[in-house]
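As a plain string of letters, each chain reads:
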Amino acid sequence: MEFLGYRRSDGRVGIRNHVLILPACACGSESCRVVASQVRGAVNIIFNTGCSDVAANTAMSQKVLTGFALNPNVYGVVIIGLGCETVPHRELREKIQALTDKPVASFGIQEEGGTLKTIEKAVRAARDMAAAASRQQRIPCDISELLMGIECGGSDATSGIASNPAVGELSDLLVDAGASTMMSETIEFIGGEHVLAERGATPEIHNRIIQICKEYEEHLAGAGQNCRAGQPTPGNKAGGLSTLDEKSLGCIRKGGTRPVVEVVEQAARPTKKGAIIMDTAGYDISSVTSMVAGGCQAIVFTTGRGTPTGNAIVPVIKVTGNKLTYQRMEDNMDVDVSGIVDGACTIRESGKQLFDEFLEVCNGKMTKAEAYGFSDIAVDHVCRFV
């Protein structure tokens, strides 16, 4: 089975062909926004850190920024830094260039003499990349080249019985076809981790799934916090979810039933193909950010109550099993699988519907969040700013 993608020189395949305007720190974010607005085919992110951080936070930020640049949906990268940030733009550029031969340029606002001079140079560099990117054509690629991220947010009572099982069926279909899928949100495994761990392909993977849940609770306890203060969210409770265990049992349904072949750290690139777990926060925007940095070309996002979130680098496909949510937020929802609740269709039929939609998006169909140009990111932190 094939789709039409952009083959990169490193062998990986993108389903989009972006020039990424990447800030090295928060102080470069607004300049990146202006540059992207001047170049067709360019996208930017708003980055809220990169300075005044402890080493672990800086390492995570660098991991995410580098992962964004390496994402196969990105053709080339223009970095804008300030000049006094923790990791200067040149160092970030060198990190990226050590891992890929994509075109990468970088500029520092202080050394260029201010915002306008920086923007002028960055726009020229981005336009050159966009012109080169426009010459690259989609070619047939095997479905095994795909890595789909799986996310949920704004869950309600329909999530665990409709949209999540349908996406789980989609995940199984993709894995069976040779593709890979990635599920995250470790905090939302708690209470159901023993069920999820049974899918571990080896005893080591089984034990690792249990361990990451234990470590997450211990991390929060070390700061005097309890995960149950934020999980389930007020919206989850209003939607009919009463406990974290109940939410977790619904959450893990979206990962399907195939053996889990690898558990990776946050924002890390997988080394195996199949069903994969990434150890991330339960906060959906942070979780999506990490999976994009890990190389996912697209995200399938289930929601019962509805959410508009999107990502600049990868398309985010919104799926709901709540008919009222789809009617009320049709401008944001891509797929309605509420027929599972009504009895009008089966989970298997809805999974096939999602499979077809996913391939259409891989072939170029825009999601609703893409059409709006939505770009949400959140980088997880281990502690406070300094």
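What you see is a predicted model; the values in this text were computed from it and never measured.

Caption draft 1: The domain arrangement of the protein chain, seen in detail. Taken domain by domain, the protein chain consists of domain 1 (18-134) and domain 2 (142-367). Counting from both sides, the interface comprises 15 residues of domain 1 and, opposite them, 15 residues of domain 2. Of the roughly 1100 Å² buried at the junction of domain 1 and domain 2 (both faces included), carbon and sulfur atoms supply 61%. There are 1 salt bridge connecting domain 1 and domain 2. Here Lys63 ties to Glu265 by a salt bridge, and the two come within 3.5 Å at their closest N and O atoms. Taken together, domain 1 and domain 2 are joined by 7 residue pairs in polar contact (both at pLDDT 80 or more). Among the elements of the structure, strand 3 (18-23), strand 4 (42-44) and helix 2 (55-70) are those that each provide at least two residues to the side of domain 1 that touches domain 2. Sorting elements by how many residues they give to the side of domain 1 that touches domain 2 places helix 2 first, with 6 residues. Across the side of domain 1 that touches domain 2, the residue classes tally to 9 nonpolar, 5 polar and 1 charged.

Caption draft 2: Expanded view of the pairing of strand 1 (residues 2-7). With 4 bridges connecting them, strand 1 and strand 7 (residues 139-142) associate as antiparallel partners. Its bridge partner being in strand 7, Phe3 is matched across the sheet by Cys141. Pairing analysis gives 2 bridges linking strand 1 to strand 2 (residues 13-14), with the strands arranged antiparallel. If you follow Arg7 over to strand 2, its bridge partner there is Val13.

Caption draft 3: Here's a closer look at the sheet that holds strand 14 (residues 335-336). With parallel pairing, the 7 strands of this open sheet are ordered in space as 10-11-9-8-12-13-14. Every other strand in the sheet has two partners, leaving strand 10 (260-264) and strand 14 as the edge strands with one partner each. Relative to strand 12 (residues 298-302), strand 8 (residues 147-152) is paired through 5 bridges, and the arrangement is parallel. Across the sheet, Glu151 pairs through a bridge with Phe301, a residue of strand 12.

Caption draft 4: Seen up close, the packing of helix 6 (residues 159-176) against helix 14 (residues 347-362). Between helix 6 and helix 14, whose axes approach to 8 Å, the crossing angle comes to 60 degrees. For the crossing formed where helix 6 meets helix 14, the hand is right-handed. On helix 14, the residues that touch Pro165, Ala166, Val167, Glu169, Leu170, Leu173 and Leu174 of helix 6 are Ile347, Arg348, Ser350, Gly351, Lys352, Leu354, Phe355 and Phe358. Grouping the amino acids of the contact of helix 6 with helix 14 by side-chain chemistry returns 10 nonpolar, 2 polar and 3 charged.

Caption draft 5: Broad picture of the sheet that holds strand 5 (residues 74-81). Read from one edge of the open sheet, 4 strands run 4-3-5-6, paired in parallel fashion. Across the chains shown, the open sheet's two edge strands, defined by having one partner strand only, are strand 4 and strand 6 (104-108). In this sheet, neighbouring strand axes are inclined to one another by 20 degrees on average, regardless of whether the strands run parallel or antiparallel. Here 3 bridges tie strand 3 to strand 4, and the two strands are oriented parallel to one another.

Caption draft 6: Highlighting unusual backbone geometry. Non-glycine residue Ser52 carries a positive phi angle of around 55 degrees. Within the fold, Ser52 resides in the loop between strand 4 and helix 2. Using a relative accessible area of 38% as the deciding quantity, one classes Ser52 as partly exposed.

Caption draft 7: Expanded view of the UniProt feature "domain: D-galactarate/Altronate dehydratase second" (unreviewed entry) in the protein chain. Under the local residue numbering, the UniProt record ascribes the feature "domain: D-galactarate/Altronate dehydratase second" (unreviewed entry) to residues 5-133. The span residues 5-133 shows a helical share of 44% and a strand share of 21%, and its end C-alpha atoms are spaced 13 Å apart.

Caption draft 8: Region of the structure containing the environment of Ala24. With respect to the helices and strands, the residue Ala24 is situated in the loop between strand 3 and helix 1 (29-37). Between the alpha carbons of Ala24 and Leu82 there is a distance of 7.7 Å; along the sequence they are 58 residues apart.

Caption draft 9: Region of interest: the packing of aromatic side chains. For the coordinates displayed, the defined rule picks out 1 aromatic pair. With 5.0 Å between their ring centres and 25 degrees between their planes, Tyr372 and Phe374 make a pair best called stacked. Here the guanidinium or amino end of Lys318 rests over the ring plane of Phe301, the centre of that ring lying 5.7 Å away.

Caption draft 10: Structural view of helix 11 (residues 284-293). Taken across its 10 residues, helix 11 has 10 buried, putting it largely inside the fold. Inspection of helix 11 places Asp284, Ile285, Ser286, Ser287, Val288, Thr289, Ser290, Met291, Val292 and Ala293 among the buried residues, and these make up the whole buried set. For helix 11, the secondary structure elements touched by its buried residues are helix 2, strand 8, strand 9 (180-183), strand 11 (275-278) and strand 12. Positive backbone phi, at 110 degrees, marks Gly295, one or two positions downstream of helix 11.

Caption draft 11: Main features of the side chain of Glu188. Within the fold, Glu188 resides in the loop between strand 9 and helix 7 (193-197). Residue classification places Glu188 among the buried positions, given a relative accessible area of 2%. Discounting chain neighbours no more than four positions away, the residues touching Glu188 are Cys152, Gln231, Lys247, Ser248, Cys251 and Gly282.

Caption draft 12: Quick look at helix 5 (residues 115-133). For helix 5, which comprises 19 residues, the first-to-last C-alpha distance of 26 Å matches the rise-based estimate of 27 Å (1.5 Å per residue) to within 8%. Packed against the buried residues of helix 5 are strand 3, helix 1, strand 5, strand 6 and helix 4 (109-112).

Caption draft 13: Summary view of the side chain of Asp172. On the secondary structure map, Asp172 appears in helix 6. Polar side-chain contacts of Asp172 include one of 3.4 Å to the backbone nitrogen of Arg258. Beyond its immediate stretch of four places on either side in the chain, Asp172 contacts Gly256, Thr257 and Arg258.

Cut-offs and rules
- Residues numbered from 1 in each chain as written.
- Predicted model: local features only at pLDDT ≥ 70, side-chain atom pairs only at ≥ 80, totals over all residues.
- Heavy atoms only, no water.
- Domains from an automatic or database assignment.
- Contact = heavy atoms within 4.5 Å.
- Buried area = accessible area lost by both parts, 1.4 Å probe.
- Salt bridge = Lys/Arg side-chain N within 4 Å of Asp/Glu carboxyl O.
- Polar contact = N/O pair within 3.5 Å; in protein donor to acceptor, adjacent residues only side chain to side chain.
- Helix = DSSP H or I, 4+ residues; strand = E, 2+ residues; numbered from the N terminus.
- Nonpolar A, V, L, I, M, F, W, Y, C, P; charged D, E, K, R; others polar.
- Pairing = 2+ DSSP bridges.
- Axes fitted to C-alpha atoms, helices over the stretch in contact; angles between N-to-C directions.
- Left-handed = near helix turned anticlockwise from the far one by under 90°.
- Buried < 20%, exposed > 50% of the residue type's maximum accessible area, 1.4 Å probe, protein only.
- UniProt positions renumbered as here; feature names shortened; annotations may be inferred.
- Phe/Tyr/Trp six-rings, centres within 6.5 Å; stacked < 30°, edge-to-face > 60°.
- Lys NZ or Arg CZ within 6 Å of the ring centre and 35° of its normal.
- Expected span 1.5 Å × (residues − 1).

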